[in-house]
Amino acid sequence: MQRKIRIKDISEMAGVSPGTVDRILHNRGNVSETARTAVGEVLKKVNYKPNIHISGLSLKRKYKVVITTPSVTEGEYWESIHFGIQHALEEYENIRIKCLVHTYNEFDVYSCREVYDRILQIDADGVIIGLTFKEETLRLARNLEEKGIPYIFVDSTMENASPLAFFTSDHYRCGYLMARLITSIIPQDSDIGISYAIRIGDESANTSTLRQNGFNAYLSEKKKTHKVQLIPYSTMEPEKNDVWVKELFHHQHNIGGVVFFNSRGGLLADCFARNGINNIPIIGVDLTVPNIKALKNGYIDFLIGQEPEHQGFLAMKTLIEYLVYRRPVKVQNYVQLDILTKEIIDYYNQFNYLS
Amino acid sequence: MLKWQEYLPVYNKIAQLDADAVIIGTTFKEESVRLAHQLEEKEFPYILVDSMVENTSPLAYFTSDHYICGYLVAKLITTIIPPNADIGMLQAVRIGDESANTSILRKKGFHDYLTEHHITNKVERIPFTAMEPEKFDEQLGAFFHEHHQIGGVVVLNSRGGILADYFARKGINDIKLICVDLTAPNVKGLKNGYIDFLIGQEPEHQGFLAMRTLIEYLLYRHPVRVQNNIQLDILTSETIDYYKRFNFMS
């Protein structure tokens, strides 16, 4: 679907030479008023974005951009952020950008620390950070600020840092929404199971905490009396989960539904499928491959999407426009929260923004 | 909106124009088919937005899947109301044509969901006359007076805001409401909490893609994909503030 309008296209449409279009775009040399009007009309018609084309001077400069996120697994959340970043690079293929990708283990704070130390050795023009651990990220942010290196957050943001911009969904609102959805589909007197992954060296990721706060706020605002039970879940030792799940759900319990605050809900759904548990609705976050499978199979009832591709795309695009054109930047940027069900997932277009 | 009697002259006028192409948002089936055939004879390419009409051969069409939309609405309403409650269905009464194409498809999806899932909630039709807004209150009042068991209402066309407004004025907040399209009254109803779920079908995106496809076809003879389904969005009061109608222009 993606198609860029090139100078050649504009010249064809306006019936002038490509050189004329180039002169008009960059305000150089003499151009007839007729040509200017013709080109102007075409530009309006195709919703031309002038930033796609750049002057000769900017072409010569080479930019070094560091991207640091949790490790990327195929079909998982962070891969989508990287896809989006890639799309932005394709859109600005004329600009020479060297991307250095440094990922860390999001369940291990020591891995994060080590990677951040490495990043600080790099003489970067800009950094895109997908954060997990608060203190480590704050330390990285401070160091970058001292060096005058702009950085952009994706997925979440944090207080006390001064990013050039951040692109995230509203995680608190996401948790609030999850509470509303689960309480509208389970019996009033049933319990709600909540779950998030266990991490080493940090109690919980920033995003999960915010979601849980939003979740709790909904329950207390709406005076919901559901009891909430924590369902233990380990990403590092997945074999434990089956045992936990069996213990919990094969005995008498009053859990009407489960809310999974991070993107690993699909694994719980798998666990349910393996153990013949199919009457407990799950609400999950993120369109990972296992989550989508569970949504289609009916184990996940609602899946919340937060447009990671779009976040990555906008982060890289914003950074490029800032570095090359010194475009003014809007700091706070919230992407959409999408509610997906089995019925509409097939029509969902993750790259909607590339129309 | 035009009355159907006004459509004939409009469509006739279009058929006389010396256009390079036509974009059609259809409502009335027969009239659309007739226009389509006239355009085909003259070899004018045309693109349909909002809904597809059978027995026409558009260059392309951009619509949401209305059948699935109705199916989804049925699923949502039946998961949020008690199994013994009734469902009200607000239906526009049009002059000269029983129902718009999109509503027919949505209604079919809605009823198919209920049948497939052995849902026992009774569905009661709420009649309302789009042409006589002064009669809304009377009609709705009579309906709810007669039916006490209504746990939720679905509106399969874009006029649900009328009902949300009625609920707001009458202080009715124990009836769930699911509507279609992000019209201003619907969005207001969603934010006020009178509409529980609103289904969006990206009309801006449909229009954008229709015009772009047409331009690219006329100028460059780009190959065109005929069938184009736009996504269905589920909106709630929690997500509406972040929803971007022009997301595709990022």
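Residues numbered from 1 in each chain as written. Chains lettered and ligands numbered in written order. Predicted model: local features only at pLDDT ≥ 70, side-chain atom pairs only at ≥ 80, totals over all residues.

Caption draft 1: Inspection of the pairing of strand β8 (residues 255–260) of chain A at higher detail. Residues and elements named next belong to chain A. Of all 6 residues in β8, 5 are buried, a share of seventy percent or more. Here β8 pairs with strand β9 (residues 282–285) via 2 bridges, running parallel. Opposite valine 259, over in β9, you have isoleucine 283 as the bridge partner. (Buried ≥ 20, exposed ≤ 12 C-beta atoms within 10 Å, placed from the backbone. Helix = DSSP H or I, 4+ residues; strand = E, 2+ residues; numbered from the N terminus. Pairing = 2+ DSSP bridges.)

Caption draft 2: Quick look at the interface of chain B and chain A. Chain B puts 25 residues into the contact, and the matching count from chain A is 26 residues. Listed by contribution, the elements that provide at least two residues to the side of chain B that touches chain A are α3 (66–80), α8 (203–220) and β10 (233–235) of chain B. Top element by residues in the side of chain B that touches chain A is α3(B). It accounts for 6 residues. (Contact = placed C-beta atoms within 7 Å.)

Caption draft 3: Local environment of the sheet that holds strand β1 (residues 22–25) of chain B. Residue and element names in this part refer to chain B. Read from one edge of the open sheet, 4 strands run β1-β2-β3-β9, paired in parallel fashion. A strand with exactly one partner marks an edge of an open sheet, and here the two such strands are β1 and β9 (227–229). Strand-to-strand twist of the sheet, defined as the mean angle between neighbouring strand axes without regard to direction, takes the value 15°. Pairing analysis gives 4 bridges linking β1 to strand β2 (residues 46–50), with the strands arranged parallel. Opposite isoleucine 24, over in β2, you have leucine 48 as the bridge partner. α8 contacts β1, β2, β3 (60–63) and β9 of the sheet and is inclined by roughly 170° relative to β2. (Axes fitted to C-alpha atoms, helices over the stretch in contact; angles between N-to-C directions.)

Caption draft 4: Broad picture of the environment of Thr137(A). All names here are of chain A. Along the chain, threonine 137 falls in helix α7 (residues 134–147). According to the C-beta neighbour criterion, threonine 137 is buried, with 24 such atoms within 10 Å. Remark: the alpha-carbon pair of threonine 137 and arginine 274, spanning 137 residues in sequence, is separated by 38 Å. Setting aside anything within four residues of it in sequence, one finds threonine 137 in contact with Ile129, Leu131 and Met158.

Caption draft 5: Examining the domain arrangement of chain A more closely. Domain boundaries in chain A define domain 1 (7–53), domain 2 (57–169 + 308–336) and domain 3 (171–305). In this structure, domain 1 of chain A and domain 3 of chain A have C-alpha centres spaced 54 Å apart. (Domains from an automatic or database assignment.)

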